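Each chain, letter by letter, is given below.
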Amino acid sequence: MPHAVSRLRDQRLARSQKPFLARGAHLVRCPRCRVGIQYCMCAWQPKVTAHSAVCLLMYDAEPLKPTNTGWLIADVVPDTFAFSWSRTEIDENILALLADPQWQPYVVFPDEYVPVERVVRDVPQAELQAAGKRPLFVVLDGTWTEARKMFRKSAYLAHLPVLSLQPDDISRYRLRRSTREEHLCTAEVTALCLHLAADVAAAQALEQWFARFSRHYLAGRKPPSVAEQHALHNGTAL
Ligand SMILES: [Zn+2]
């Protein structure tokens, strides 16, 4: 069955008044992994289990963008839920998911915007286990401005603890992956959350899957050199 983000994409397409033209729309993409068909990465699709779950709240056209990395989370984390965010129409399914006693939801958001009593730094695994709960990371998928809007204007998130990633975790991640981006993308943030929940296999699989996506996606936009082609097809990192 197609995963949650793929289903959301189909629903979003059905609602569109006009066709969505992604950048690089001329490119023939693999419908499964979304990269140029000659650089399809489906053969490397990871298969891991995860104790944690992810709830993606996706801003407007986010599921339609071929660069969206929430898609990669749904590829890797079996319990990934995805919803279109709307300020006015609240999907009952979001409320039901957040109220489901098997989950302990955490909204992933920077602490500087949140009252201190809501902020948590860690996922207390023993405590959750004793309560029979599994972590559910609520990840706001959009630009930074959109994420802030979703956070502020979703009353159903207001009672939930906020998990804030620490600068140390982020800089360790940057060093490991040699990324210089100011903001981590949705998949990277989620990989860090999975690490905090000791879901190491899923965290690593997601990091690697994102790294592969970046390489294959770029290859589709800019023809790779012979050495790069070789590396892409042999599954080795450059
Ligand atoms: Zn593919």
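Remember, predicted model here, so these are calculated numbers, not experimental data.

### Focus on the overall build of the protein chain
In step 1: When helices and strands are tallied, the protein chain shows nine helices and six strands.
In step 2: Against the 2.2 N^0.38 benchmark of 18 Å for 238 residues, the protein chain shows a C-alpha radius of gyration of 18 Å, consistent with a compact globule.
In step 3: Considering only C-alpha atoms, the protein chain reaches an extent of 55 × 45 × 35 Å along its principal axes.
In step 4: Across the 238 residues in the protein chain, those meeting the buried criterion constitute 47%.
In step 5: Within the protein chain, contacts between residues at least 6 apart in sequence are counted, and of these 76% link residues at least 24 apart.

### Examining the nonpolar core
In step 1: Core analysis: the largest hydrophobic core is formed by 45 residues, its most contacted members being Leu-56, Val-123, Phe-137 and Leu-206.
In step 2: Elements that contribute at least two residues to this core include exactly helix 1 (4-15), strand 1 (53-59), helix 2 (70-76), strand 3 (103-108), strand 5 (134-141), helix 7 (186-196) and helix 8 (200-221).
In step 3: Top element by residues in this core is helix 8. It accounts for eight residues.
In step 4: With 24 residues, the next largest nonpolar core counts Leu-57, Leu-98, Val-107 and Ala-147 among its residues.

### Considering the coordination of the zinc ion
In step 1: In the first shell of the zinc ion, the protein supplies Cys-30 (SG), Cys-33 (SG), Cys-40 (SG) and Cys-42 (SG), at 2.3 to 2.4 Å from the metal.
In step 2: Around the zinc ion sit four donor atoms, and with donor-metal-donor angles ranging over 100 to 115° the site reads as tetrahedral.
In step 3: Sequence spacing of the donor residues for the zinc ion, all on one chain, is C-x2-C-x6-C-x1-C.

### A few points about the packing of aromatic side chains
Between two aromatic rings, the relevant description is the distance of the centres plus the angle of the planes.
In step 1: Summed over the entire model, instances satisfying the criterion amount to eight aromatic pairs.
In step 2: Counting every residue linked through ring pairs, the aromatic cluster contains Phe-109, Tyr-113, Trp-144 and Phe-151.
In step 3: A cation over a ring is seen here: Arg-212 above Trp-44, with NZ or CZ 4.1 Å from the ring centre.

### Things to note about the environment of Val-35
In step 1: The residue Val-35 is located in the loop between helix 1 and strand 1 in this model.
In step 2: Taking the C-alpha atoms as reference points, Val-35 and Ala-219, 184 residues apart in sequence, are found 8.7 Å from one another.
In step 3: Among residues more than four places away in sequence, those in contact with Val-35 are Val-28, Arg-29, Cys-30, Cys-40, Met-41, Phe-213, His-216 and Tyr-217.

### A word on the sheet that holds strand 6 (residues 162-163)
In step 1: Spatial ordering of the open sheet is given by 2-1-5-3-6-4, a layout of six strands whose pairing is parallel. Both outer strands of the open sheet, strand 2 (80-85) and strand 4 (119-120), are each paired with one neighbouring strand and no more.
In step 2: Set on the sheet, helix 1 makes contact with strand 1 and strand 2; between it and strand 2 the angle comes to about 25°.
In step 3: Helix-sheet contacts for helix 5 (residues 144-152) involve strand 1, strand 2, strand 3, strand 5 and strand 6, and the interaxial angle to strand 1 is about 110°.

### Quick notes on the packing of helix 7 against helix 8
In step 1: Two elements in contact, helix 7 and helix 8, have axes whose closest approach is 8 Å; the angle formed by their N-to-C orientations is 160°. Relative to helix 8, the element helix 7 is oriented roughly antiparallel. The chirality of how helix 7 crosses helix 8 is left-handed. Across the interface between the two elements, Ala-187, Glu-188, Thr-190, Ala-191, Leu-194 and His-195 from helix 7 touch Ala-202, Ala-203, Gln-204, Leu-206, Glu-207 and Phe-210 from helix 8.
In step 2: Residues that form the contact of helix 7 with helix 8 fall into these classes: seven nonpolar, three polar and two charged.

### A short note on the side chain of Asp-169
In step 1: Here Asp-169 shows up in helix 6 (residues 167-177).
In step 2: The buried category is assigned to Asp-169, whose relative accessible area is 19%.
In step 3: Excluding residues within four positions of it along the chain, Asp-169 makes contact with Leu-192 and Leu-196.

### Concerning the pattern of salt bridges
In step 1: Evaluated as defined, the whole model comprises five salt bridges.
In step 2: Lys-65 serves as the salt-bridge partner of Glu-62, at 3.2 Å between the closest nitrogen and oxygen.
In step 3: Linking Arg-134 and Asp-79 is a salt bridge whose minimum nitrogen-to-oxygen distance equals 2.8 Å. Of this pair, Arg-134 sits in strand 5 while Asp-79 sits in the loop between helix 2 and strand 2; the two residues are 55 residues apart in sequence, bridging distant segments of the chain.
In step 4: Given a relative accessible area of 27%, Asp-79 falls into the partly exposed group.

Basis of the calculations
Residues numbered from 1 in each chain as written. Predicted model: local features only at pLDDT ≥ 70, side-chain atom pairs only at ≥ 80, totals over all residues. Heavy atoms only, no water. Helix = DSSP H or I, 4+ residues; strand = E, 2+ residues; numbered from the N terminus. Rg over C-alpha atoms; globule rule 2.2 N^0.38 Å. Buried < 20%, exposed > 50% of the residue type's maximum accessible area, 1.4 Å probe, protein only. Contact = heavy atoms within 4.5 Å. Core = buried A, V, L, I, M, F, W, Y, C linked by side-chain atoms within 4.5 Å. Donors = N, O, S within 2.8 Å, 3.2 Å for Na, K, Ca; no water. Tetrahedral: all angles 85-135°; square planar, octahedral: opposite > 155°, others 65-115°. Phe/Tyr/Trp six-rings, centres within 6.5 Å; stacked < 30°, edge-to-face > 60°. Lys NZ or Arg CZ within 6 Å of the ring centre and 35° of its normal. Pairing = 2+ DSSP bridges. Axes fitted to C-alpha atoms, helices over the stretch in contact; angles between N-to-C directions. Parallel < 35°, antiparallel > 145°, perpendicular 65-115°, else oblique. Left-handed = near helix turned anticlockwise from the far one by under 90°. Nonpolar A, V, L, I, M, F, W, Y, C, P; charged D, E, K, R; others polar. Salt bridge = Lys/Arg side-chain N within 4 Å of Asp/Glu carboxyl O.

Everything listed is a geometric property; what it means functionally is a separate question.
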